[in-house]
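Listed below are the residues making up each chain.
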Amino acid sequence: MERFSLFWTLFPFIFIWFPFIWMMGGFLVSCQSETPQAIVEIVNPGFENHLEGWSSEGSLSEIAFSGNASLRHGEGLAETSQVVHGLSDGWYTLKAWMRSNLRHKEAYIALKSCGGETARTPLPLIRDQWMHLVVSAQVKGGQCTISLYSDGDQNAQILFDDVELVPGRAALSIRGADISSLKKSEDKGGLYADENGVLGDALAILRDHGVNFARIRVWVNSPDEYHGKVQLLEMAERLKKHNMGLLVDFHYSDTWADPGKQTKPKAWEALDFTELQQAVYDHTLEICNTLKTQAPPAIVQIGNEITNGMLWPDGKNDRNFKNLAALLKAGYRAVKTCSPSTKIMLHLDQGGKNELYRWWFDAILEQGVDFDVIGISYYPYWHGSLAHLQHNLDDLATRYQKDLIIVETAYPFTDKENDIEPNIIRSQPLPGYRLTPEGQAQMLRDIMNIMRAVPNGRGLGIFWWDATWTAVPGNGWDPANPDSGNGWENQALFDYQNRALPALRVLGTP
């Protein structure tokens, strides 16, 4: 009888919390279970023994990623391949280094004839830089063909080196969208549709395209009365219905916080430093405890783009990191008190600057700050090349043994404007990546491929910044001015007819 009573006492807890515990467990497992493990033996992976083991197309080059030789493709179509036998059924990942002078129509690595569809990863449009590529395919039938392919123009030079095949799948467990502006957009009349123009719930459209996480910013007392506890709780309820994870982005400000401004909330201006630490703790704990009525957030970032500190001047790190560390520790304690399973992120901008990240994280670790995830902003028109991004991500993963998320990125789909506010980016396309829907999708695809290649499965995923911030009157950039416009609508994932863009489908692909 006592056992029966205990069961019914615990039943409500199990019924309410099991789905969340299962989802969080799935999030943590998915970050690790698809990580490639032991290398499969292939013949002559670095082309040191001429073309032994490979089909005869291609020649050798002395420009190598490692060793003394690499495979070279030149003008015209070329495919160098090797069939690997004796494979167990399951996922496998091909890895290779590639380099090109960009005189090609197409260049990629692929797995084909594996028992399913061919899987390929193209070389990003970076000139004369070695890039690490990965591609995964599911093997059925015991064998698979490694394909190194190119279609070169005149004077083309496409190089391949250090080919590996490993069991497991290189996949992103987090395919996220920042939707911080969505609630206000909907309230002001914003509409969202799929590619065919069929109107629907924006979250349902995101989820139907494979997006499984949302990021939402929190301000302390916003002038427009958005971006606070009430809206966050409402959005959390909707996310739960769509089985989407939540990342909470604490700005610790009444308005935008970024590397150029970290303004204290008005209510905290007169606090001394001890009181300021307590305010950070109390605010963070209050928001987290409110969310627990639905489910604790999966990830919380303490501060937004805190490269130069936060809550200036107290938490500015231009002289030392002591005060910033104290504030971060206060936020960390609050989250872990509320929800020990929630992951803590520290977030910087300039994702292509490895020296900056090393300086910052070495300093913050020296202060004893604990965290779980490194968050990166990477905007390709501001933060360096894709090669710089890859170098930084790979170094961070190995140096700090922390998981990584590109928590902000974007790229325009047009150079046109859709309201009175000039767009922030309208004339800076990167070479090869046009300001078109196809160019936007191509840029996102290449960034995600770089994230998949992060060593040891440390690259968890990516968030597109303010994916739903379309041009809606009253939902402009200035929370204190309802007449302000939106300078970001050409970087949303919905076009000027409110239809989902091709990049949205890319974002949802594991």
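Everything that follows concerns the structure shown earlier in this document.
For every chain, the first residue of the written sequence is number 1, and numbering continues from 1 onward in sequence order. Thresholds applied to this predicted model are a pLDDT of at least 70 for local features of residues and 80 or more for the giving and counting of side-chain atom pairs; totals over whole chains, interfaces and linings are not thresholded and use all residues. Excluded from the side-chain calculation are hydrogens and water; included are all heavy atoms of the structure.

## Side note on the state of the cysteines
Thought 1: Any pair of cysteine sulfurs within 2.5 Å is marked as a disulfide. If you walk through the whole model with that rule in mind, you get two disulfides.
Thought 2: Two residues, Cys-288 and Cys-338, share a disulfide whose sulfurs are 2.2 Å apart. Here the S-S torsion is close to -80 degrees, and the disulfide linking Cys-288 with Cys-338 is therefore left-handed. A residue pair is termed long-range when its members are at least 10 positions apart, and Cys-288 in helix H5 (residues 273-291) and Cys-338 in helix H6 (residues 322-338) qualify at 50 residues. Each member of the pair, Cys-288 as well as Cys-338, is classed as buried.
Thought 3: Going through the protein in sequence order and numbering each bonded cysteine, the pairs you get are 1-2, 3-4. Elements are defined by DSSP. Helices are runs of H or I of four residues or more, strands are runs of E of two residues or more, and each kind is numbered from the N terminus. Think of it in three bands: residues with accessible area under 20% of the maximum for their type are buried, residues over 50% are exposed, and the middle band is partly exposed, with areas taken using a 1.4 Å probe on protein chains only.

## A look at the packing of helix H7 (residues 354-366) against helix H8 (residues 386-400)
Thought 1: A fitted line through C-alpha atoms represents every axis, and for helices the fit uses only the stretch in contact; the resulting angles, taken between N-to-C directions, go from 0 to 180 degrees. Relative to each other, H7 and H8 sit at 25 degrees, their axes nearing to 10 Å. In terms of their interaxial angle, H7 and H8 are classed as roughly parallel. Read as a crossing pair, H7 and H8 show a hand that is right-handed. On H8, the residues that touch Asn-354, Tyr-357, Arg-358, Phe-361, Asp-362 and Leu-365 of H7 are His-391, Asn-392, Asp-395, Leu-396, Arg-399 and Tyr-400. We call two directions roughly parallel when the angle between them is under 35 degrees, roughly antiparallel when it is over 145, roughly perpendicular when it lies between 65 and 115, and oblique otherwise. Working rule for handedness: look at the near helix, and if it is turned counterclockwise from the far one by less than a right angle, call the crossing left-handed; if clockwise, right-handed. The criterion used for residue contact is that any of the two residues' heavy atoms lie within 4.5 Å.

## A word on the sheet that holds strand E7 (residues 131-139)
Within a sheet, neighbouring strands are paired by backbone hydrogen bonds and run either parallel or antiparallel to one another.
Thought 1: Any two strands are treated as partners once DSSP identifies two or more bridges connecting them. Strands sit in the order E1-E2-E9-E4-E7 across an open sheet of five strands; the sheet is antiparallel. In the strand order of this sheet, the two ends are held by strand E1 (59-61) and E7, each with one partner. Taken pair by pair, the neighbouring strands of this sheet meet at an average axis angle of 40 degrees, ignoring direction.
Thought 2: By the bridge criterion, three bridges tie strand E2 (residues 70-73) to strand E9 (residues 158-167) in an arrangement that is antiparallel. Within E9, the residue paired with His-73 across the bridge is Ile-158.

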